[in-house]
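Each chain is listed here by its residues.
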Amino acid sequence: MKPKKLGIIGGSMLAFGVLFCAVIFPPFLRSQIKKQVALKDGSEMRDLWSNFPLPLDFMIYLFNVTNPTEIMAGGKPILKEIGPFFYDEYKQKVDLVDREEDDSLEYGLKATWYFNPSRSNGLTGEEEIVFPHVLILSMIKVTLMEQPAAIGILNKGVDSIFKKPNSVFVRAKVREILFDGLPVDCTVKDFAGSAICSVLKTKPDALIPDGEGRYLFSLFGPKNGTVLPERIRVLRGIKNYKDLGRVTEFDGKPALSLWTADHCNEFNGTDSTIFPPLLTEEDDIVSFAPDICRSLGAHFTEKTKVKGVNTYHYKADLGDMSTNPMEKCFCPTPDTCLTKNLMDLFKCVGAPLIASLPHLLGSDEKYRQLVDGLHPNEARLIIEDHGISMDFEPLTATPISAHKRLQFNMFLHPIEKFKLMKKFPECLFPLFWVEEGILLDDQFVKKVKTVFMAISVVGFLKWLTILGGICVSGAAAAMIFKNRGKGSLDITKVTPQSQNGKDGEQKKWPNQMNISTIQSAAVPPNLDAN
């Protein structure tokens, strides 16, 4: 092949590798990802986001009370974790409304749980456990906070609607505690019972109707299969991909009004179901959590690999309002800040619950010492089992694996004027904890891998064409260098014959002699054509 043609081929390969594979393709791919992830009406991403076909893993662990009688007499609570009770959780975004003027989308959220016995390790929900009656304890705590003088009336009301219980603990089946419900009789006519029921009826999201004047109380039953009344408004990311999923309104308001500082009331981050693509190690994963009325940020910790996909690993916790000035606005009062990884939810949910990580992971040791049965530091219960963690594919911001874990507790103490708790011990009493998470199945992981297959192919082509172009161009240059002298004139030196022979006789020049012979250089036929 002629060096000139070889040089053209090598240069073309080099130009393709550099310009297309290294310069043009990466920004083109990023621009396509930005378009594909936007929540545009009719797009595949919009359909997946609004009605994800796979269920989330929802696991519930309850703390069975093994010594209720001793606790009533002031003894230290001894608890035993029972679980997981595994549920398939389907989340749907319904009644979607697009707003073109600010590139936003408003929706209502519906959650539905289905018990999955095959993944509950032999548990059925029929197991009987001893568990604190959360409704009775909540009524006591709220009365003490808001109307302490009404404790006497509450005593009588509890006897009336709960049929004179002899303990604040109830023996019941797990399915009744979680979803089916414990009975609340509001058909009573006495003043105390009627007064309590009139308050309960103002909170329909806490009770399940069970006939005229009768209700059922459970931890999750009222929310199962219902659309939450608070609508959420997020940005679609069509105009700016960095705004994808960012919450701008909750319950019709541009900010909360619960906390004592504006930055704690702001909606930071997304709705936790979608995130902007093109993550870097410096980016935090921030989302607004309606169940605790605040935003949480997860921080990059390390690079990982999940199901063959290169991912970024993130961890989060509940912070420390007692030492972090930016979190002091979450304190129950300016003088009563909770310590690390604890958060008072009363302002958020209207119940005197304290959120923590499971088994009080990362919280002050003094709280774990007040009860027996918590083991956050055992070898089988490492931080990944009880923490908040997630693994994201950074280019598309796809959560390959995510686990949000929260425990719900209640501060309890002796109450002299309430007969069921006169000698109760002072402690932070763990009730239950939940894990909501997902590990994408192979079908969806394959879609993510398709993007990287294209990247790998282009990356291979880039180096193949760049290196190939360099080699071919180098070969062409070498051929040109090698052949550069073959087109010059060759001069052959001719020595004239001597005029004298051996015997001294003079010799004559031949009649025909070449004083200078001009020869053409040997030129390869393929170069003669030039």
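Residue positions within a chain follow its written sequence, with the count starting from 1. pLDDT decides what is reported in this predicted model: residues at 70 or higher carry local features, side-chain atom pairs at 80 or more are listed and counted, and totals for whole chains, interfaces and linings draw on all residues regardless. In computing side-chain values, all of the structure's heavy atoms are included and hydrogens and water are not.

Looking at an unreviewed UniProt entry, the protein carries the name Sensory neuron membrane protein 1, with the source organism given as Habropoda laboriosa. Quoted verbatim from the Sequence similarities (unreviewed entry) field of UniProt, the annotation for the protein is "Belongs to the CD36 family." What UniProt states about the protein under its Subcellular location (unreviewed entry) heading is, verbatim, "Cell membrane". UniProt positions are given in the numbering used here, feature names are shortened, and annotations may be inferred rather than shown by experiment.

Caption draft 1: Molecular detail of the overall build of the protein. Runs of E in the DSSP output that reach at least two residues are strands. Runs of H or I that reach at least four are helices, and both are numbered from the N terminus. From N to C terminus, the protein includes 13 helices and 21 strands. For the protein, restricting intrachain contacts to residue pairs at least 6 apart in sequence, the fraction spanning at least 24 positions comes to 65%. Calculation of accessible area relied on Shrake-Rupley with a 1.4 Å probe; when residues are assessed, cover is drawn exclusively from the protein chains displayed. Of the roughly 27900 Å² that the protein leaves accessible, carbon and sulfur atoms contribute 57%. Pairs of residues are marked as contacts when any of their non-hydrogen atoms sit within 4.5 Å.

Caption draft 2: Representation of the pattern of salt bridges. Every case where a carboxyl oxygen of Asp or Glu lies within 4 Å of a side-chain nitrogen of Lys or Arg is listed as a salt bridge. Taken as a whole, this structure holds 26 salt bridges when the rule is applied. Put simply, R119 and D57 hold a salt bridge, and the shortest N to O gap is 3.4 Å. Of this pair, R119 sits in the loop between β3 (104–115) and β4 (128–132) while D57 sits in strand β1 (residues 56–65), and the two are 62 residues apart along the sequence. The residue R368 makes a salt bridge to E365 at a minimum N-O spacing of 2.5 Å. Of this pair, R368 and E365 both sit in helix α10 (residues 365–368), 3 residues apart, which is roughly one turn of the helix. Among the charged side chains, a salt-bridge network with shared partners connects D41, R46, D98, E100, D103 and R236.

Caption draft 3: Representation of helix α7 (residues 191–200) within the structure. Only protein chains enter the area calculation, which uses a 1.4 Å probe; residues under 20% of their type maximum are buried, those over 50% are exposed, and those in between are partly exposed. Turning to α7, its buried residues number three or more, namely A192, G193, I196, C197 and L200. Buried positions in α7, seen along its axis, are confined to an arc of 125° and lie on one side of it. At its buried positions, α7 is contacted by α4 (134–146), α5 (151–161), β6 (182–185) and β7 (207–209). Picture the helix axis, draw a direction to every C-beta atom, and the arc is the one those directions span.

Caption draft 4: Local environment of the state of the cysteines. Note on terminology: disulfide denotes any pair of cysteine sulfur atoms within 2.5 Å. Within this structure, the stated rule accounts for 4 disulfides. Paired through a disulfide, C264 and C329 show a sulfur-sulfur distance of 1.7 Å. One end of the pair, C264, is in helix α8 (residues 262–265); the other, C329, is in the loop between β14 (309–316) and β15 (342–344), with 65 residues separating them in the sequence. For C264, a relative accessible area of 4% corresponds to the buried category. In this structure C329 comes out as buried when scored by relative accessible area, which is 4%. Disulfide pairing places C293 opposite C348 at an S-S distance of 2.0 Å. Judged by the sign of its S-S torsion, about 75°, the cystine formed by C293 and C348 is right-handed.

Caption draft 5: Highlighting the environment of E426. Its place among the elements puts E426 in the loop between β18 (398–412) and β19 (427–439). A residue is classified by how much of its surface remains accessible, and E426, at 62% relative accessible area, is exposed. Between the C-alpha atom of E426 and that of L412, which follows or precedes it by 14 residues, the distance is 5.5 Å. The residues touching E426, leaving out its near neighbours within four places in the chain, are L370, L412, H413 and P414.

Caption draft 6: How the structure looks around the environment of D210. For D210, the location among the structural elements is in the loop between β7 and β8 (214–217). A relative accessible area of 41% means that D210 is categorised as partly exposed. As for D210 and G181, which are separated by 29 residues in sequence, their C-alpha atoms are 9.7 Å apart.

Caption draft 7: Structural detail: the sheet that holds β8. The strand order across the open sheet built from 3 strands is β6-β8-β7, with neighbouring strands paired in antiparallel fashion. Two strands close off the open sheet at either side, each with one partner strand: β6 and β7. Across this sheet, the average inter-strand angle for adjacent strands is 35°, counted without regard to direction. Two strands make a pair as long as DSSP finds a minimum of two bridges between them. Pairing of β7 with β8, which is carried by 3 bridges, proceeds in the antiparallel orientation. In the sheet register, I208 faces β8, and the bridge partner there is L216. Under this scheme, a helix contributes an axis fitted over its contacting stretch, all axes are lines through C-alpha atoms, and angles between N-to-C directions fall in the 0 to 180 degree range.

Caption draft 8: Highlighting the confidence of the model for the protein. Note: pLDDT gives the predictor's confidence per residue, expressed from 0 to 100. Mean pLDDT for the protein: 85, with 78% of residues reaching 70 or above. Within the protein, no element has a lower average pLDDT than strand β21 (residues 516–519), which sits at 36, and none a higher one than β4, at 98. Counting contacts from residues 378–383, a segment whose pLDDT is below 50, to residues more than four positions away or on other chains yields 7 contacts. Below pLDDT 50 for its whole length, residues 498–530 participates in 29 contacts with residues either more than four positions away or in separate chains.

Caption draft 9: Quick look at the packing of α4 against α5. One way to put it is that α4 packs onto α5 with a least axis distance of 10 Å and a crossing angle of 165°. Classified by the angle their axes make, α4 and α5 are roughly antiparallel. For α4 against α5, the interelement crossing comes out right-handed. Taking contact as the criterion, the partners of I136, M139, I140, T143 and L144 in α4 are, on α5, I151, L154 and V158. Should an angle fall under 35 degrees it is taken as roughly parallel, and over 145 as roughly antiparallel, whereas 65 to 115 is taken as roughly perpendicular and any remaining angle as oblique. Left-handed describes a crossing whose near helix is turned anticlockwise from the far helix by less than a right angle; the clockwise case is right-handed.

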